[in-house]
Amino acid sequence: MSALDDVLTRIEDWPAENAAAAVIAADGRVLASHGDLEQPYRLASVTKPLTAYAALIAVEEGVFDLDDPAGPEGSTVRHLLAHTSGLDFSEDKVRAAPGTRRIYSNRGFDVLADTLAARAEIPFGTYLSEAVFAPLGMTDSRLDGSAGAGAVASVGDLSRFAAELQRPTLLAAQTLTEATTVAFPGLDGVLPGYGTQRPNDWGLGFELRDGKSPHWTGSANSPATFGHFGQSGTFLWVDPQAGVACVAVADRDFGPWAVEAWPPFSDAVLAALHG
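Cut-offs used in this document
Residues numbered from 1 in each chain as written. Predicted model: local features only at pLDDT ≥ 70, side-chain atom pairs only at ≥ 80, totals over all residues. Heavy atoms only, no water. Helix = DSSP H or I, 4+ residues; strand = E, 2+ residues; numbered from the N terminus. Expected span 1.5 Å × (residues − 1). Buried < 20%, exposed > 50% of the residue type's maximum accessible area, 1.4 Å probe, protein only. Contact = heavy atoms within 4.5 Å. Axes fitted to C-alpha atoms, helices over the stretch in contact; angles between N-to-C directions. Left-handed = near helix turned anticlockwise from the far one by under 90°. Nonpolar A, V, L, I, M, F, W, Y, C, P; charged D, E, K, R; others polar. Lys, Arg positive; Asp, Glu negative; His and termini not counted. Salt bridge = Lys/Arg side-chain N within 4 Å of Asp/Glu carboxyl O. Pairing = 2+ DSSP bridges.

Caption draft 1: Representation of helix H6 (residues 155-166) in the model. The first and last C-alpha atoms of H6 sit 16 Å apart over twelve residues, in line with the 16 Å expected at 1.5 Å per residue. The buried fraction of H6 amounts to eleven of the twelve residues, a majority that puts the element mostly inside the structure. Buried within H6 are the following residues: Val155, Gly156, Asp157, Leu158, Ser159, Phe161, Ala162, Ala163, Glu164, Leu165 and Gln166.

Here it is as structure tokens:
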């Protein structure tokens, strides 16, 4: 057993009945995995990068533009992707003027999906499946509810998506670079589960590590790391400087256990790769 394989066995100590994880190289190879790679799990907010990827594909296809109006007055597609539309977490209430605060919003992603569906004249779930899941071979994946938190996928499928995020085939490289660069820099906000971050940097659908502390990735993860975690006990990160991605899923909701377990797990993954 390699050092990396040994690290991944640590998920057996997580307080979950089932868990799975994988580490993916920049060239798409799965370097190590543990657990059932084909069992679908609820992704919760790890849905957001998938929805964002579909939206970015729609931009490249001319369905809409990042700066097209969407959501509250003064808001655009870009604002919705970056959690700066001013929309409440779950309601159609406007909490701030667009571009002035980072207000994490599930509702914003539902509005984004509705906007895309109206422009494309196709249900968003169908668009997501045809634009992202099918071409990447994500056969265990589906949208089963909200575009912000309703996807279901396996570790095998998330590994394929993690490979795409390192060497994009469905998007132009510069589009992905823009999506993983700070949008609306300098805005403060709450990172769910981790409190107020100053600033709370975000890309277009992707949360950015930057210098945030505390954070769900490891202390060894570079500031360039991007990804997302979900309240269902899932996470996906890509560290471009390390040239690797890591995905993990569990059937135990996010809580203190994850706050304690995830950062050292990610640090151990990076240490096993570069030790």
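Still more to cover.
Caption draft 2: Structural context of helix H8 (residues 256-274). Over its 19 residues, H8 extends 28 Å from the first C-alpha to the last, a length consistent with the 27 Å expected when each residue adds 1.5 Å. On its buried face, H8 sits against helix H1 (3-8), strand E1 (19-25), strand E9 (226-230), strand E10 (234-239) and strand E11 (244-250).

Caption draft 3: How the structure looks around the packing of helix H2 (residues 47-61) against helix H4 (residues 106-120). For the pair H2 and H4, the least separation of the axes is 11 Å and the interaxial angle reads 30°. Relative to H4, H2 is oriented so that their crossing is left-handed. Residues Lys48, Thr51, Ala52, Ala54, Ala55 and Ala58 of H2 pack against Asn106, Phe109, Leu112 and Leu116 of H4. Looking at side-chain class alone, the contact of H2 with H4 contains seven nonpolar, two polar and one charged residues.

Caption draft 4: Here's a closer look at the side chain of Asp201. Looking at the element boundaries, Asp201 is found in the loop between strand E7 (195-197) and strand E8 (207-208). For Asp201, which is buried and forms no salt bridge, the nearest opposite charge comes from Arg102, at a distance of 4.6 Å. Every residue in contact with Asp201, bar those within four places of it in the chain, is listed here: Arg102, Val182, Gly186, Glu207, Leu208, Asp210 and Lys212.

Caption draft 5: Region of interest: the sheet that holds E9. Strand order in this open sheet of six strands is E2-E1-E11-E10-E9-E8, and the pairing throughout is antiparallel. A strand with exactly one partner marks an edge of an open sheet, and here the two such strands are strand E2 (30-34) and E8. Inspection of the sheet shows E1 paired to E2 by four bridges, in the antiparallel sense. Its bridge partner lying in E2, Val23 is registered against Ala32.

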